[in-house]
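Remarks on the overall topology
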Amino acid sequence: MEIRKQLSLDERRAKATAWALTFADMVTLLLTFFVLLLVILNDAEKHIDRVINKLLDETYEELTESVSSSYVSIERVTKGIKITMRGKLFKSMSKDVDPRVHPLLIQIGGIIRTSKILNVFEDPDYEDLLLLIDNRNKFLNVEVRCEGHTDDIPLPKKASYPSNWELSAARSLNLVRLLSKYAGMEEKNFSALGYGSFRPLIDIKEIRAMNRVEKKEARATNRRVEIYLDAFLKQKIGEEVL
């Protein structure tokens, strides 16, 4: 009798806990599903990044092969493609670009205009990529950003700008307007920043032993315009974008 009671009790316990096994199996399956989904999404993001970087690499190669000037250096950086311009780019204490620089800007703008990274939206080979991006409620943003830098010599009182900061910003804005024109890109794809003398490549104040010639060369190095061509994903919110 006692044995039967014990068996009956064990059966009831087994039936009472049977749901837990089913629940555990379901949780395990759900966990596996989400892990697989995460892997698939990560693979898709990596694929998008690879294609974007490949397009930037091709544009970088085209720029380095076509643009030959002692005033220009081109680098492939994490921000995209960095084009550094030095020399007498602007008229003294003015935002106006020297006319001798225009042919170089026309050449750079023309390469950007015909580059694959800019024309990816009209290329049927990249329809699947753009659809993949759109399914993530994002869009591919192609941007040209200009950053102006001056040396550390203060502007004279008669200058049109109160400081190098305003001068560098005005020069950057003027230069991107020209690039927008020569590249045939909408102005919304451009941005301009001015850093004045606050981001020098060679900090003259920190190097005490510089002679006059070395300071002159350092200031010439610091006076520059950096143009970045980059492509990256931005989030969409309805018809608006972030």
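Quick note: structure is the one above.
We now turn to the structure provided with this report. Everything quoted here is computed from the prediction, not taken from an experiment.

The rules behind these values
- Residues numbered from 1 in each chain as written.
- Predicted model: local features only at pLDDT ≥ 70, side-chain atom pairs only at ≥ 80, totals over all residues.
- Heavy atoms only, no water.
- Helix = DSSP H or I, 4+ residues; strand = E, 2+ residues; numbered from the N terminus.
- Expected span 1.5 Å × (residues − 1).
- Buried < 20%, exposed > 50% of the residue type's maximum accessible area, 1.4 Å probe, protein only.
- Phe/Tyr/Trp six-rings, centres within 6.5 Å; stacked < 30°, edge-to-face > 60°.
- Pairing = 2+ DSSP bridges.
- Core = buried A, V, L, I, M, F, W, Y, C linked by side-chain atoms within 4.5 Å.
- Contact = heavy atoms within 4.5 Å.
- Axes fitted to C-alpha atoms, helices over the stretch in contact; angles between N-to-C directions.
- Parallel < 35°, antiparallel > 145°, perpendicular 65-115°, else oblique.
- Left-handed = near helix turned anticlockwise from the far one by under 90°.

This paragraph deals with helix α2 (residues 102-114). The terminal C-alpha atoms of α2, which comprises 13 residues, lie 18 Å apart, in line with the 18 Å expected from a rise of 1.5 Å per residue. Listed in full, the buried residues belonging to α2 are Leu-104, Leu-105, Ile-108, Gly-109, Gly-110, Ile-111 and Ile-112.

Under the counting rule described, the total for this entry stands at 1 aromatic pair. Ring plane angle 75° and centroid distance 5.4 Å describe the contact between Trp-165 and Phe-198, whose orientation is recorded as edge-to-face. Here Trp-165, found in helix α5 (residues 164-183), pairs with Phe-198, found in the loop between β4 (190-194) and α6 (212-222); they are 33 residues apart in sequence, far enough to count as distant.

Once that is clear, we can look at the pairing of strand β2 (residues 80-85). Counting buried residues along β2, 6 of its 6 residues qualify, which places the element largely inside the surrounding structure. Alignment of strand β1 (residues 72-77) against β2, held across 6 bridges, turns out to be antiparallel. Bridge pairing in β2 places Ser-73 opposite Thr-84. Counted along the chain from β1 to the antiparallel partner β2, the turn is 2 residues long. As judged from the 5 bridges shared by β2 and strand β5 (residues 224-237), these two strands associate in the antiparallel manner. Residue pairing across strands places Met-85 opposite Val-225, the latter belonging to β5.

On to the nonpolar core, then. With 43 residues, the main nonpolar core has Ile-83, Met-85, Leu-105 and Ile-227 as its most contacted residues. Setting aside anything within four residues of it in sequence, one finds Met-85 in contact with Tyr-71, Val-72, Val-101, Leu-104, Leu-105, Ile-108, Arg-224, Val-225 and Ile-227. Counting residues in hydrophobic clusters, the runner-up holds 5 residues, among them Ala-159, Tyr-161, Leu-167 and Ala-170.

Moving on to unusual backbone geometry. At Met-93, a residue that is not glycine, the phi angle is positive and equals roughly 60°. For Met-93, the position within the fold is in the loop between β2 and α2. Overall, Met-93 belongs to the partly exposed group, its relative accessible area being 29%.

Attention now moves to the pairing of β5. Here strand β3 (residues 138-149) pairs with β5 via 12 bridges, running antiparallel. Pairing of Phe-139 across the sheet is with Lys-234, part of β5.

All right, on to the packing of α2 against α5 then. Interhelical geometry of α2 versus α5 gives an angle of 55° and a closest axis separation of 8 Å. If you check the angle between α2 and α5, you find them oblique. Judged by the twist between their axes, the crossing of α2 over α5 is right-handed. Residues His-102, Leu-105, Ile-106, Ile-108, Gly-109, Gly-110, Ile-112 and Arg-113 of α2 lie in contact with α5, whose contacting residues are Leu-175, Leu-178, Leu-179, Tyr-182 and Ala-183.

Interpretation in functional terms is not warranted from these geometric data alone.
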